[in-house]
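Observations on chain architecture
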Amino acid sequence: MTNFSTSMRTHLCGHVGSDDIGATVTVCGWVARRREHGEHLAFVDLRDNSGVVQCVVDGDVDVRSEYVLQITGTVRQRPEGTTNENLATGAVEIGDCSVTVLRRADPPPFPVDARADEVDETIRLRHRYIDLRRERMQRNLRLRAAVNAALRSSMVSQGFVEVETPMLVPSTPEGAREFLVPARREPGSFYALPQSPQLFKQLLMVGGVDRYFQIARCLRDEDLRADRQYEFMQLDLEMSFVNQDDVLEAVGSAVLDAAEAANGERPPEIERITWREAMDRYGSDKPDLRFGMELVELTDLFAATGFGAFAGAEAIKGISVAGAAADIGRNQLDRLTDRAKQLGAKGLVWMKFTDDGIESPVAKFLSEDELSGIRGRLDARSGDLCLLVADEWMTTCEVLGTLRTDLGRPPVHQGPYRYVWVVEFPLFVGVDGQSGRPKPGHHPFTMPHPDDVDLIETDPLNVRSIAYDLVLNGWELGSGSIRIHEPELQRRVFAALGIDDTEAARRFGFFLKPFDYGAPPHGGFAVGLDRLVAILAGEDNIREVIAYPKTQSGADPMTDAPLAIAPDVLEDLGLRVAPPS
C-alpha cells in the first residue's frame, strides 16, 4: 500500500503500522483528541482521511481540537495493556514527537465523531466542511467513488463509450418540473437543465455510437425526500441492436460489479418478475423481497358470499402478520383501517386467530367454509393477524402492499441485498380525465410488447410495454425500456395519446426527424447512483452519501442558496420578479 507521501508527510495517519516500528515518520492532520498525562506529557490523536494515530508529545504543547498539525516522530509498539483494538493503528504509537502547528482552529460547532449523528441536520449541513471530516462521511464518499469506478470499468469492459451530453437543453413538456435558465442573449427565451440525457442518448444511437454510457448529473424540480434530491447522479446507458435481455444483462453485470467493489461480496444473479406478478404478490411495482407477508388471492372464496362488503368485489386479497394478534390492539387496528381508507380502500377487514378461534367484527357474517378458506390460504396460525381488502384490483393491491410495507419492512439498508428486475410494465396507465385518452406509463417512445400491439387502438390499458425497472430492497434504482424506432408504430402510440402528426412535429420534431435517416433498434437504462450507494453504505437517506446535499426544503444552509438576484442582473436577463400574490 502506498503511503501517499508528499513534501509535508511520509505517511497517512491510518497507514502507520507495525511494519514501521523503529522508523521516523511525518504525519499531518487534525487533532481529534488531546489528553494530558502528567505535567509534561500529552497524547495527541491525529486524524486524516485514512484514520487516527496516537502521538506521544514530551513537553508542553499548546494544541486543541481540530488544530491542523504536522508531527514527526518514531513509530514504536504501544506499552503492554494499552493496545486499542478499535483503531487500525491501535498496536503502535508515534513517540519522541516534534509538533508544528500548521493552522489554529476555532472550536467546531459539533463534535467531529459519531456524536454528530445526534446534531440537527441543518447545523451539520451549514458546516458541511466540518461534517465531512468524520469517519462516516469519509467512508461514504470513498465507497461512492469505488462504486463509480466499478461501474465505469464494467461499462468500458463491455464496449461502451463514455460520451458527455449537454447541460443546457430545450424545455420539454414531458416528465417532472424542470429548472429553467434564462438565455441572456435572447431575452424571453430559456434553456432547461436536463432531467435526463434521454433524447440525446437515443440520437447517439442514430449516430452509430452503438454503446453509450455516462455518469450523468440530472436535475428535477420535485419535492425532496429521503431518496430524492434536486440534483442527482445516474449511470446512463443506451445500446443498439439489442433486445430486453441484452440490456438487463449489461446493467445487471455493472450493478453487481459495483456491489462487489463496495462490500467485497458479489450478490447472486438478479431475479426477474413481471409487473403484474409484483402487484399481485407484493402490492408494489418496487417490491421488497427481503420479507414475506405476500398478498394472497382470496376472490374465488367469496364468489357466492352473503357478506355485502365482499360481494361483487373485483379483487379480494389478504396478508398475514405472523404473531401480531397480541401485539396490535384495537386502537392500532382502527389506525390501520383509517390508513387503508386514506389510501383509497372502502375499508379493511381484520381477523385475529387465537387458540380459542377467530376474533373479528365480521366473522359472524362469513360462513365456516369462508373462514376456514381464509385461514388455509393465508396459512394463519394461532397468534397471527390477517388483514383483508376487497376493492378494484389495483386498489386492493396497492392498499395491502402499503400496509405490508408499513408493518413488515426492515430498514432499506439492512441485508440481505435483494435485487429484482420488474418487467412488462403497462404501456399506458389510467385515462386522462379531460381528454379521455390513456396516459403513458413511461415516456411515449417506449416499445409496446409485440404480443399486444394489436390492442393499442382497441384496449390500450391492457397493452404491456418492453419497459423494466431495477429494484433493490424496495427502492427503485432505475428504469429503462426498448425504444420505438419505427415511424408507423410511433404514430400509432402518439395517436392513442391524442398526438397527431402536426403536434408530434411541434413537440418532438428535433428528436423524431433524425430517425428518418435510419434508426437502429435500441434500448437503454439509467441507474440512480445516490440510491444505490446509500443502500450499499448502510444509509437510509441519500443525503449521507452526497458531499453537498440540499435539505428537504431544497435549501443549502452552507451557501444560503437559493438567493435573491440583484436587480441589475435581472434587468440584464430581461426578467422581472413579480410581487407575491
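Notes on the structure in this doc start here. (Residues numbered from 1 in each chain as written. Predicted model: local features only at pLDDT ≥ 70, side-chain atom pairs only at ≥ 80, totals over all residues. Heavy atoms only, no water.)

Attention now moves to unusual backbone geometry. Cis geometry marks the peptide bond from glycine 415 to proline 416; its omega dihedral reads 0°. Position of proline 416 among the secondary structure elements: in the loop between helix H9 (393-408) and strand E17 (419-423). Note the cis peptide between alanine 561 and proline 562, where omega equals 0°. Summarising the element assignment, proline 562 is placed in the loop between helix H12 (529-537) and helix H13 (567-573). (Helix = DSSP H or I, 4+ residues; strand = E, 2+ residues; numbered from the N terminus.)

With their axes 10 Å apart at the nearest point, helix H3 (residues 135-157) and H12 run at an angle of 120° to one another. Compared by their axis directions, H3 and H12 come out oblique. Crossing of H3 against H12: the hand is right-handed. From H3, Arg139, Asn140, Leu143, Arg144, Val147, Asn148 and Leu151 reach across to H12, where they touch Leu529, Asp530, Leu532, Val533, Leu536 and Ala537. (Axes fitted to C-alpha atoms, helices over the stretch in contact; angles between N-to-C directions. Parallel < 35°, antiparallel > 145°, perpendicular 65-115°, else oblique. Left-handed = near helix turned anticlockwise from the far one by under 90°. Contact = heavy atoms within 4.5 Å.)

Take the side chain of aspartate 227 next. One can find aspartate 227 in the loop between strand E9 (211-219) and strand E10 (231-240). There is a polar contact of 2.8 Å between the side chain of aspartate 227 and the side chain of arginine 225. Non-local contacts of aspartate 227, meaning those with residues more than four positions away in its chain, are made with Trp475, Arg531 and Ile542. (Polar contact = N/O pair within 3.5 Å; in protein donor to acceptor, adjacent residues only side chain to side chain.)

A few words on the nonpolar core. Counting residues in hydrophobic clusters, the biggest one holds 68 residues, and the most contacted among them are Val147, Leu235, Leu237, Tyr419, Trp421, Phe525 and Leu532. Broken down by element, the residue count for this core peaks at ten residues, all from helix H5 (residues 244-263). Those residues in contact with tyrosine 419 that lie beyond four places of it in its chain are Val255, Leu256, Ala259, Pro267, Ile270, Glu271, Leu470, Val471, Leu472, Leu477, Leu532 and Leu536. Grouped together as the second largest cluster of nonpolar side chains are 33 residues, Met279, Ala315, Leu403 and Val422 included. (Core = buried A, V, L, I, M, F, W, Y, C linked by side-chain atoms within 4.5 Å. Buried < 20%, exposed > 50% of the residue type's maximum accessible area, 1.4 Å probe, protein only.)

With that settled, the discussion passes to the packing of aromatic side chains. Per the stated rule, a full pass over the model turns up 13 aromatic pairs. Summarising the aromatic geometry, the rings of phenylalanine 302 and phenylalanine 310 are spaced 4.7 Å apart at their centres and angled 70° between planes, so their arrangement reads as edge-to-face. On the numbers, 6.3 Å between centres and 85° between planes, the contact of tryptophan 421 with tyrosine 468 is edge-to-face. Of this pair, tryptophan 421 sits in strand E17 while tyrosine 468 sits in strand E20 (residues 467-472), and the two are 47 residues apart along the sequence. Just as tryptophan 421 is buried, tyrosine 468 falls in that class too. (Phe/Tyr/Trp six-rings, centres within 6.5 Å; stacked < 30°, edge-to-face > 60°.)

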